[in-house]
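# Fold and contact review
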Amino acid sequence: MQDSDPSGERDSGGTTLLECKGIGKSFPGVRALDGVNLSLQKGQVLSLIGENGAGKSTLMKILAGVQPPDEGEILLDGKPVEIESTRAALDLGISLIHQELNLATNLSVGANVFLGREPLRGGLIDESTIKKESAKFLKMVGLDVSPDTLVGDLTIGRQQMVEIAKALSVNARVLIMDEPTSSLSQAEAENLFVVIKDLRARGVSVIYISHRLGEVKELSDHVTVMRDGENAGELSREAVSHEAMVRLMVGRDLSEYYERKEREKGNLALEVKKLRTPVHPQHELTFSVASGEIVGIAGLVGAGRTEMLETLFGVTPALGGSIQVSGAELELDSPVSAIAAGIALAPEDRKQQGLVIDMTVRENLSLAALRRDQKKAGFLDFAKEKKISEEMITAMRVKTPNENQIIRYLSGGNQQKVVLGKWLAMKPKILLLDEPTRGIDVGAKSEIYALMEELAESGVAILYVSSEMEEILGMADRALVMHEGRITGELTREELTEENVMQLATGGEKTAA
Amino acid sequence: MNVKILGITLLLVGLWLFLAVQVPEGFLNGNNMFNLFLRTAMYGVLGIGVAFVIITAGIDLSIGSIVCLSGVLLSLFLSVSYDPTDREHVLEIDPQRQVIVLAEQTDRFEAGDQLRYYGSTQARSTVVTLVGVEQVVTEDDGGNSVSRSLLRVNGLNPATSKASDGFLATLFPVKGVDTEKGTVTVEGQLAGLEARDQIRFIKPRGGMEQIVVGRTESVDGNTRVSMEGDMGALDAGWLAMPLFRDQTMPIPVALLSVLGIALLLGVVHGLLVTKIHLQPFVVTLCGLLLYRGISRWLVNDRDTGYGNEYESSLSLLTNGKFELFTLGEPYGTYSIPYAFFIFILVAILAAVFLNKTIYGRYMLALGRNVEAARFSGIDTDRMTIIGYVICTVMGALGGLFFLNYSNSIAPSSHGNFFELYAIAAAVLGGCSLRGGEGSILGVVVGTALMVTLKMFINLMKISDTLEFAIIGIVILVGVVADELLKKAVARRQASKS
């Protein structure tokens, strides 16, 4: 990567590469950034953390040339620069990898790496150069696929590597990664960390944005914490700890993050026997959840957990086996029948499956309950709808100006609260949660954990899928671990250890508690 | 009322004011106002229909063909024929021998009867007098022997050649005409003749009148018929041929059949879109071609319609009017067509359905995000199918309107481009082709705007070759303004939260 360093120096630290001084940015009615400073050393992994709405994304968009700052200056190699466009940012060697990957899935890996900068020969695309060059960058990120492979055929984790290879191919000196692990499995994430460390060794600087404090701790040379559009604090490598980060992010101590209480288990709410899902028809799933119980489902991405929840919710009907709710055998062929049986699902993909993001908070909160609440010949009861949604907004502590706010403009945490509120309005017996805190900031996370506790206390059976180890260890009364479509083990509270979960999740055996 | 609808409403009112000032006599006169209401109503039902499909994030290109197909079907189902009931099939006529051979044996005719021969493609219609009847036995094509009646007559023109085919019907002499009372007395019993049947009066040496029957009564073995309509030169000595009215179907049956067929087509569209996951554009493009082709085939591509048969019933939809007031010339009488009242009723029902019922809410939700709607326990397939059904049924209602308006329709061109007018009106009125967005009031205003634009082109004496171009520009400006507006609103919203 010497080419990427015009100064020719190979200094692995100590030199300030990029500096932001007093960056301010306002949108009509809101001050998104106020005098923010940031300093990135050469060959450093800098983590930028903060709750949603803290201003991280705005700052990164400014660095990537998506929008200009109102005030302040940006120094690159000590010289002030104007980053007027994404093109200008790329020319300066600043590359942003979005949380949602920006790849053309219908094109090959090579074509994606050189998208917009295709080498030409005689006016036509020079495919052989693309292949040769992109293979070089793929090797750099440890991605063992042919440049001819279609991007759409790769896993999300490998697609991420293509994005990084693409960034390297434009000689990126500063790589900004916005929640890169949010849709990766543990193994893929581990692989990503290896690549990031390798990049650091090559002198590339990385700005790493994540809500997963575990990885932040593992990766960071330095942590910058933001809160409400301002700098909240800096942590050097030695000072990084879970508690310190949380304290700076939320501005208060979260002494009890997971507030588990001892609860009485009730009768069996959900009993699943020999269930076969369309995705993994060769495996039979058998388990049960009692009312008042919180059961976690751990496993790697692709273990078939989401598919199992979708079958329980009637989205993809089962191929065989039986599902009993409160002892009654059910034929679940659509969400309609699942809802009628008292089952609710807060899906993994909140924006696609959980919410109609261009409708209002009120309309989303009432969407599932309409059929039940509005019995007068199908006519809407607006007064009742308003009352219920106001109740739910209060109960869920949704931060919204009013019930007529469009969902799109709420933060991820508040969106998730609306999804939960939508189902709680139905008073479900069984609540299925798929990655309930994905992409949600720390404050909202702990509120959602508290809600889960409250619901279990009131007798709801909760079955949740999580890819975050902490969340499984912290919340579950009992955990099921899945691997490649089958349940490899069940862990009681006493057996719940990181080692046991990882063993089972990768297809191994649990060790005795 | 949102900003967008306010915008096009202002544009519409502005256009009206402009026309009222520039060409007051042309624009404001009673006839033109009637037309404005009528066309808005006719195109408006199509716009409302397609709005529902657009709200489910679909499209329906088959509307114009549905308008045509339902028009053709209605004119077939409601077609009326007038035939003499006591007619006999003619096998052959031989003018040289003054002989007519009937297909079957009959003893209906007696010597001295006046008969009318008609219906052959080879020989002209003519009136003959029966001289005598014989029964003969001949062989048919298959070699079987058949008894037939052979009529010896007077009056066949010997100069004409032999002919086969046709009918023979009895004629009744007219005994007297009372032009004051509007009655005709006919010799003999015209059994079964009722109001709305007709009598064709024939003068032996040329001349013909066909008049609608009002009422019949029996007087001294003769029949006195009250006629509706001008009796013209009718006089004693003419001959009467009673014609019985035969309507293929009663009006309610015909209407329900056509609406039922449209409903079925909508269900098929919806099933193909939801169950087979075909793209709405493709499904309804095939519909556009298919229904057009079927319409042309059904009537051999001939102009079709039911003329003035339903003047006092169906045709009142578009011709009937509720009179408001009369001003002096050149403004004339102001009135509202009945079709407009139906349109307003449909619009109110549609608006209530869309905004006040859970089904409308479901459609708006699934149009925005079908997956989230399904995950909320909404039967999204069923709601989508309902959208397509509303659209085709509205197409059939439009078909009824346009058939009555046009009187006679050409199946190859009737309804061409109507789907585009409807979609344009819906888009102008605030429907987004991305789905989940739409307003019935907007569609009503959008349709009125389209109709007014056409009038504008006419009244301002702009070359009508520019019609499409002007409509295109207005829609383009409309959607551009809308998109800019939406961005501004989004920015304001984003900064609020």
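Note that the structure is a prediction, hence the values are computed from the model and not measured.

### Considering the overall build of chain A
- Assigned secondary structure in chain A consists of 18 helices and 22 strands.
- A compact globule built from 513 residues would reach a C-alpha radius of gyration of about 24 Å, and chain A, at 24 Å, matches this within 12%.
- In chain A, which comprises 513 residues, the proportion classed as buried is 48%.
- The long-range fraction of contacts in chain A, counting pairs at least 24 apart against all pairs at least 6 apart in sequence, stands at 68%.

### Topic: the interface of chain A and chain B
- With 30 residues of chain A at the interface, the matching set in chain B holds 23 residues.
- Of the residues contributing to the side of chain A that touches chain B, the split by class is 21 nonpolar, 7 polar and 2 charged.

### Regarding unusual backbone geometry
- The step from glutamate 329 of chain B to proline 330 of chain B runs through a cis peptide bond, and the omega angle for that step is 5 degrees.
- Its identity is not glycine, yet glutamate 179 of chain A carries a phi of approximately 45 degrees, on the positive side.
- The topology assignment puts glutamate 179 of chain A in the loop between strand 9 (174-178) and helix 6 (186-201).
- Overall, glutamate 179 of chain A belongs to the buried group, with 20 C-beta atoms counted inside 10 Å.
- One non-glycine residue, asparagine 300 of chain B, lies in the positive phi region at around 55 degrees.
- As for its position among the elements, asparagine 300 of chain B is in the loop between helix 6 (280-298) and helix 7 (316-319).
- For asparagine 300 of chain B, a count of 8 C-beta atoms within 10 Å gives the class exposed.

### Digging into the sheet that holds strand 11 (residues 222-227) of chain A
All names here are of chain A.
- A sheet is described by the order of its strands in space; here 6 strands give the open sequence 6-9-10-3-11-12, paired in mixed fashion. Each having just a single partner strand, strand 6 (94-97) and strand 12 (230-236) make up the two edges of the open sheet. The sheet shows a mean angle of 20 degrees between the axes of neighbouring strands, taken without regard to direction.
- One ladder, built from 5 bridges, connects strand 9 with strand 10 (residues 205-209); its direction is parallel.

### Describing the confidence of the model for chain B
- In this model, chain B carries a mean pLDDT of 89, and residues with pLDDT of at least 70 account for 98%.
- Overall fold confidence (pTM) sits at 0.80, and the ipTM for the predicted complex is 0.77.

### Details of the domain arrangement of chain B
- The domain architecture assigned to chain B consists of domain 1 (3-79 + 250-496) and domain 2 (83-247).
- Centre-to-centre separation of domain 1 of chain B and domain 2 of chain B, based on C-alpha positions: 49 Å.

### Regarding the domain arrangement of chain A
Residue and element names in this part refer to chain A.
- One can read the domain layout of chain A as domain 1 (2-250) and domain 2 (268-505).
- Taken over C-alpha atoms, the centre of domain 1 sits 33 Å from the centre of domain 2.
- Of the residues lining the interface, 15 residues belong to domain 1; the matching set on domain 2 comes to 13 residues.
- For the side of domain 1 that touches domain 2, the element with the highest residue contribution is helix 8 (residues 242-250), accounting for 3 residues.
- A class-by-class count of the residues in the side of domain 1 that touches domain 2 yields 5 nonpolar, 7 polar and 3 charged.

### Quick word on the packing of helix 12 (residues 418-428) of chain B against helix 13 (residues 440-459) of chain B
All names here are of chain B.
- Put simply, helix 12 and helix 13 touch, their axes get as near as 7 Å, and they point 125 degrees apart. In terms of orientation, helix 12 and helix 13 fall into the oblique class. Two packed elements cross with a definite hand, and for helix 12 against helix 13 that hand is right-handed. Across from Tyr421, Ala424, Ala425, Ala426 and Leu428 in helix 12, the residues of helix 13 making contact are Val443, Gly446, Thr447, Leu449 and Met450.

### Some details on the pairing of strand 16 (residues 320-325) of chain A
Residue and element names in this part refer to chain A.
- Where strand 13 (residues 268-276) and strand 16 come together, 5 bridges link them in antiparallel fashion. Its bridge partner lying in strand 16, arginine 276 is registered against glycine 320.
- By the bridge criterion, 3 bridges tie strand 16 to strand 17 (residues 328-330) in an arrangement that is antiparallel. In the strand pairing of strand 17, valine 325 is matched with alanine 328.
- What sits between the antiparallel neighbours strand 16 and strand 17 is a turn of 2 residues, in which serine 326 has the positive phi angle 50 degrees.

### Topic: the nonpolar core
- In this structure, Ile343, Leu432 and Ile462 of chain A are the most contacted members of the largest nonpolar core, which totals 175 residues.
- With 15 residues, the single largest contributor to this core is helix 11 (residues 380-406) of chain B.
- In this structure isoleucine 343 of chain A touches Leu312, Phe313, Val325, Ala338, Pro428, Ile430 and Leu432 of chain A, once residues within four positions along its chain are discounted.
- Counting 71 residues, the second largest nonpolar core, distinct from the first, contains Ile62, Ala64, Phe137 and Leu248 of chain A.

### Here we look at the sheet that holds strand 16 of chain A
Residue and element names in this part refer to chain A.
- Spatial strand order, 14-13-16-17: 4 strands in an open sheet with antiparallel pairing. On the outer flanks of this sheet lie strand 14 (285-290) and strand 17, each paired with one strand and no other. Neighbouring strand axes in the sheet, compared pairwise and without regard to direction, differ in orientation by 20 degrees on average.

### Thoughts on helix 18 (residues 498-505) of chain A
All names here are of chain A.
- When helix 18 is considered as a whole, its buried residues turn out to be Asn500, Val501, Leu504 and Ala505. Across the axial projection of helix 18, the buried residues extend over an arc of 125 degrees, all falling on one side. Those residues of helix 18 that are exposed and aimed more than 90 degrees away from the buried face are Glu498 and Glu499.
- On its buried side, helix 18 packs onto strand 15 (294-299), helix 17 (469-475), strand 21 (478-483) and strand 22 (486-492).
- The positive-phi residue at the C-terminal boundary of helix 18 is glycine 507, with phi of around 95 degrees.

Thresholds, definitions, all that
Residues numbered from 1 in each chain as written. Chains lettered and ligands numbered in written order. Predicted model: local features only at pLDDT ≥ 70, side-chain atom pairs only at ≥ 80, totals over all residues. Helix = DSSP H or I, 4+ residues; strand = E, 2+ residues; numbered from the N terminus. Rg over C-alpha atoms; globule rule 2.2 N^0.38 Å. Buried ≥ 20, exposed ≤ 12 C-beta atoms within 10 Å, placed from the backbone. Contact = placed C-beta atoms within 7 Å. Nonpolar A, V, L, I, M, F, W, Y, C, P; charged D, E, K, R; others polar. Pairing = 2+ DSSP bridges. Axes fitted to C-alpha atoms, helices over the stretch in contact; angles between N-to-C directions. pLDDT = per-residue confidence, 0-100. Domains from an automatic or database assignment. Parallel < 35°, antiparallel > 145°, perpendicular 65-115°, else oblique. Left-handed = near helix turned anticlockwise from the far one by under 90°. Core = buried A, V, L, I, M, F, W, Y, C linked by C-beta atoms within 7 Å. Arc of directions from axis to C-beta.

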